[in-house]
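# Overview (structure and organization)
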Amino acid sequence: MKKAFYSAVLLSLLATGVLAQSKAVDATTVVPVKATVVASDGAIKSQNIMEVRPDADLTPGYATQTNAERSKVQPGNNAPIWRQVGAGVNGTSTLPVSEAPEAGNLIQPFVQYPGSRLTTAGEAWRQVRNNWIIPYGGALLLLVVVAIGLFFKAKGSIPLHGAETGKKIERFTYFERAAHWTNAIAFVILAVSGIIMAFGKFFLHPIIGATLFGWLTYALKNAHNFAGPVFAVSLIVVFATFLKDNLPKKEDLNWLLKGGGLFAGHEPTSHRFNAGEKVVFWGGVFFLGLIVVSSGLVLDKLVPGLIYERSTMQVAHMIHAVATVLMMAMFLGHIYLGTIGMDGAYKGMKTGYVDETWAKEHHGLWYDDIKNGKIPAQRTVPQSPTAGHPVQV
Ligand code: HEM
């Protein structure tokens with residue numbers, strides 16, 4: 001009985017000791033400090049308040065210890081170095097400052113964003129990428145694909161109502177098609193590589209495994225970096241080539257108000273390009289194109305004179321990612337209508353020629369202008385009398 005009593009006392013003493021130890025670790029102390037407060041009359045005053053601090057902060061010299069001092073009391077703890085690094089103190093590096101302006105600093109300085117804990121800008125960027133851009137961007141793209149799929153299932157391809165006449169009209173010159181397809185091929189390389197780099201870890205990584213996925217994304221990153229400048233240059237050519245016929249005309253309003261007849265059936269008449277194509281041209285090619293290309297050139301470090309700090313790349317990346325997702329969403333619609341969504345459209349961009357019936361049904365005002373001799377029916381000069389397509393308007 002006595003033995004049991006002493007054992008119980010010993011155990012409770014031990015437990016108290018353990019509790020005391022853990023309390024020592026978590027212990028806090030209330031200390032008086034001066035705080036700046038804003039009084040009701042707007043004046044800024046200094047006032048004594050009590051602040052709760054972890055005990056560690058009260059250790060004399062703790063926050064100002066050098067790494068050598070700290071390693072004496074806690075060998076292996078190099079917190080002082082990281083505190084300095086986080087505070088923006090630079091070390092030395094043999095890399096040229098012009099090429100690596102932040103090479104002397106291991107991590108970006110700590111910052112405190114409103115409502116968030118102390119973090120580095122790099123971590124904040126990672127959070128924005130992983131918690132906002134990737135899920136919402138991926139959801140938007142999926143939504144557009146599903147919407148197009150449902151639309152196609154319900155409506156099918158937009159058919160040609162009249163019979164083909166066999167008479168051809170030149171819709172795109174050789175130069176226009178070369179510019180368009182160069183740009184389109186670069187776009188597809190960029191879109192596929194971009195999608196796999198951003199979203200591949202969710203749908204491809206589990207299937208092909210880490211090693212193959214690593215090599216694939218490495219190869220695609222290089223393909224992306226090379227296709228980018230090709231896309232940029234061909235986009236400027238496409239913009240200049242199609243600018244004139246994408247200028248707004250008064251008939252565009254009617255086309256837009258009727259939604260292009262996509263849902264009501266009858267397609268409103270239009271000039272060479274309809275209002276939908278003009279929206280893609282100004283919104284996708286010009287506006288988003290400008291943002292995507294300029295942010296992409298920053299990411300490729302191709303803008304001369306710019307200082308490529310980490311923050312430069314983080315901001316450029318976020319802008320690039322948002323704009324490219326919007327651009328892909330927009331061009332998915334363009335690609336759909338340019339392939340399976342509309343009979344005869346793809347043939348026009350492939351061969352350069354469309355049937356008269358196609359021109360009359362989809363771009364009636366353009367057809368009328370050709371018939372009236374306002375615009376030439378044939379702009380490409382055939383290389384020989386038998387070469388090229390017969391023009392019979
Ligand atoms: C990748 C697949 C693509 C396909 C299959 C495709 C298909 C087509 C087709 C069939 C046309 C002719 C439409 C008509 O006759 O009115 C066309 C026109 C056009 N495409 Fe594409 N395209 C693609 C990508 C792109 C890209 C990436 C861009 C630019 C970023 C682009 C810009 C244009 C422009 C500017 C026109 C002239 C009509 C307009 O101004 O909207 N296309 N495309």
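The following paragraphs examine the structure supplied in this document. (Residues numbered from 1 in each chain as written. Predicted model: local features only at pLDDT ≥ 70, side-chain atom pairs only at ≥ 80, totals over all residues.)

## Remarks on helix α12 (residues 364-371)
Residues Trp366, Tyr367 and Ile370 constitute the buried set of α12. Buried residues along α12 cover an arc of 100 degrees about the axis, so they all sit on one side. Elements that come into contact with the buried residues of α12 comprise β5 (168-170) and α11 (356-362). Gly373 lies just past α12 and shows a positive phi near 75 degrees. (Buried ≥ 20, exposed ≤ 12 C-beta atoms within 10 Å, placed from the backbone. Helix = DSSP H or I, 4+ residues; strand = E, 2+ residues; numbered from the N terminus. Arc of directions from axis to C-beta. Contact = placed C-beta atoms within 7 Å.)

## Some remarks on the site of the ligand
Taken together, 24 residues lie near the ligand, and Ala184, Phe187, Glu277, Gly338 and Met349 sit nearest. For the shell around the ligand, the secondary-structure elements that each account for two or more residues are α5 (174-203), α6 (205-242), α8 (275-299), α9 (310-338) and α10 (345-351). Ranked by residues supplied to the shell around the ligand, first place goes to α5 with 5 residues. Taken together, the residues of the shell around the ligand break down into 15 nonpolar, 7 polar and 2 charged. (Near = placed C-beta within 6 Å. Nonpolar A, V, L, I, M, F, W, Y, C, P; charged D, E, K, R; others polar.)

## Section: the nonpolar core
With 20 residues, the main nonpolar core has Ala186, Phe187, Leu190, Phe231, Val285, Met327 and Met328 as its most contacted residues. Where this core is concerned, the elements lending two or more residues are α5, α6, α8 and α9. For this core, the leading source of residues is α9, giving 6 residues. If sequence neighbours within four positions are ignored, Met328 has contacts with Leu141 and Ala191. If you look at the next biggest cluster of nonpolar residues, it comprises 8 residues, including Ile169, Tyr353, Val354 and Ile370. (Core = buried A, V, L, I, M, F, W, Y, C linked by C-beta atoms within 7 Å.)

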